[in-house]
Amino acid sequence: SSSTNKSADEELCLICGDRASGYHYNALSCEGCKGFFRRSVTRGAEYVCKIGGNCEMDMWMRRRCQACRLQRCREVGMKEECLLSEEQCKARDVRRKARQRSVKSVDHRET
Ligand SMILES: [Zn+2]
Ligand SMILES: [Zn+2]
């Protein structure tokens, strides 16, 4: 699988690499992918990839292959149950951000 290097400040959509607007349905994502996932699940959409299901998602490709985009949404942790209980998922997000702030006040040095 992919590497786990964390960029310090900029938060990018885990699906397409666009600028993320926060955690949606349990995964860090942009508004576009958030809406795409919601629409896909609520409509019960079934997409088919035309070229084998291995499209690499980026901001261009996300429009070209909905099948791989939805698959990517699930891979990065988006959960259908969060559509029904988004408040719970948001509560988790708030806690996570609070922890990040408290970490910054400590002199944390990596070697
Ligand atoms: Zn995205
Ligand atoms: Zn595809």
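Overview of the structure. All values reported here derive from a predicted model rather than from experimental measurement.

## Structural notes on the coordination of the zinc ion (ligand 1)
Right, so step 1: Every protein donor of the zinc ion (ligand 1) is accounted for by C13 (SG), C16 (SG), C30 (SG) and C33 (SG), and the metal-donor separations fall at 2.3 Å.
Right, so step 2: Coordination at the zinc ion (ligand 1) comes from 4 donor atoms whose angles at the metal span 104 to 115°, giving a geometry best classed as tetrahedral.
Right, so step 3: Counting residues between consecutive donors of the zinc ion (ligand 1) along the chain gives the motif C-x2-C-x13-C-x2-C. With C16 in the segment before strand 1 (22-24) and C33 in helix 1 (residues 31-43), the pair connects residues that are 17 residues apart, well separated along the chain. One exposure class covers both C16 and C33, and it is buried.

## Points about the packing of aromatic side chains
Right, so step 1: As enumerated under the stated definition, the model contains 2 aromatic pairs in all.
Right, so step 2: Between the aromatic rings of Y25 and F37, the centroid separation amounts to 5.7 Å while the plane-to-plane angle is 40°, which identifies the pairing as tilted. Residue Y25 is located in the loop between strand 1 and strand 2 (27-29), and its partner F37 is located in helix 1; the two are separated by 12 residues in the primary sequence. For the residue pair Y25 and F37, the accessibility class agrees, reading buried in each case.
Right, so step 3: In this structure, R69 is placed above the aromatic ring of F36, and the distance from its NZ or CZ to the ring centre is 4.5 Å.

## Some details on helix 1
Right, so step 1: Look at helix 1: 18 Å from first C-alpha to last across 13 residues, which is about the 18 Å you get at 1.5 Å a residue.
Right, so step 2: Here helix 1 has its buried residues at C33, K34, G35, F36, F37 and S40.
Right, so step 3: Where helix 1 terminates, the next one or two residues include G44, which has phi positive at roughly 65°.

## Quick notes on the coordination of the zinc ion (ligand 2)
Right, so step 1: Around the zinc ion (ligand 2), the protein contributes the donor atoms C49 (SG), C55 (SG), C65 (SG) and C68 (SG), at 2.2 to 2.3 Å from the metal centre.
Right, so step 2: Counting residues between consecutive donors of the zinc ion (ligand 2) along the chain gives the motif C-x5-C-x9-C-x2-C. The pair formed by C49 and C55 is uniform in burial state, with each residue classed as buried.

## Description of the environment of Y23
Right, so step 1: Here Y23 is to be found in strand 1.
Right, so step 2: With relative accessibility at 23%, the residue Y23 sits in the partly exposed group.
Right, so step 3: Measuring from C-alpha to C-alpha, the distance between Y23 and K34 comes to 8.9 Å, with 11 residues separating the pair along the chain.

## Description of the pattern of salt bridges
Right, so step 1: Applying the stated criterion across every chain yields a total of 5 salt bridges.
Right, so step 2: Here R74 ties to E80 by a salt bridge, and the two come within 2.5 Å at their closest N and O atoms.
Right, so step 3: E80 sits in the partly exposed class, given a relative accessible area of 37%.

## So, the nonpolar core
Right, so step 1: Counting residues in each nonpolar core, the largest one holds 14 residues, and the members touching the most others are C13, I15, C33, F37, C73 and M78.
Right, so step 2: Sorting elements by how many residues they give to this core places helix 1 first, with 3 residues.
Right, so step 3: Ignoring anything within four residues of it in the chain, the contact list for I15 reads S29, C33, M57, R69, R72, C73, V76 and M78.
Right, so step 4: Ranked by size, the runner-up nonpolar core spans 7 residues in total, among them C49, M57, C65 and C68.

What counts, and where the lines are drawn
- Residues numbered from 1 in each chain as written.
- Chains lettered and ligands numbered in written order.
- Predicted model: local features only at pLDDT ≥ 70, side-chain atom pairs only at ≥ 80, totals over all residues.
- Heavy atoms only, no water.
- Donors = N, O, S within 2.8 Å, 3.2 Å for Na, K, Ca; no water.
- Tetrahedral: all angles 85-135°; square planar, octahedral: opposite > 155°, others 65-115°.
- Helix = DSSP H or I, 4+ residues; strand = E, 2+ residues; numbered from the N terminus.
- Buried < 20%, exposed > 50% of the residue type's maximum accessible area, 1.4 Å probe, protein only.
- Phe/Tyr/Trp six-rings, centres within 6.5 Å; stacked < 30°, edge-to-face > 60°.
- Lys NZ or Arg CZ within 6 Å of the ring centre and 35° of its normal.
- Expected span 1.5 Å × (residues − 1).
- Salt bridge = Lys/Arg side-chain N within 4 Å of Asp/Glu carboxyl O.
- Core = buried A, V, L, I, M, F, W, Y, C linked by side-chain atoms within 4.5 Å.
- Contact = heavy atoms within 4.5 Å.

These figures come from the coordinates and say nothing about function on their own.
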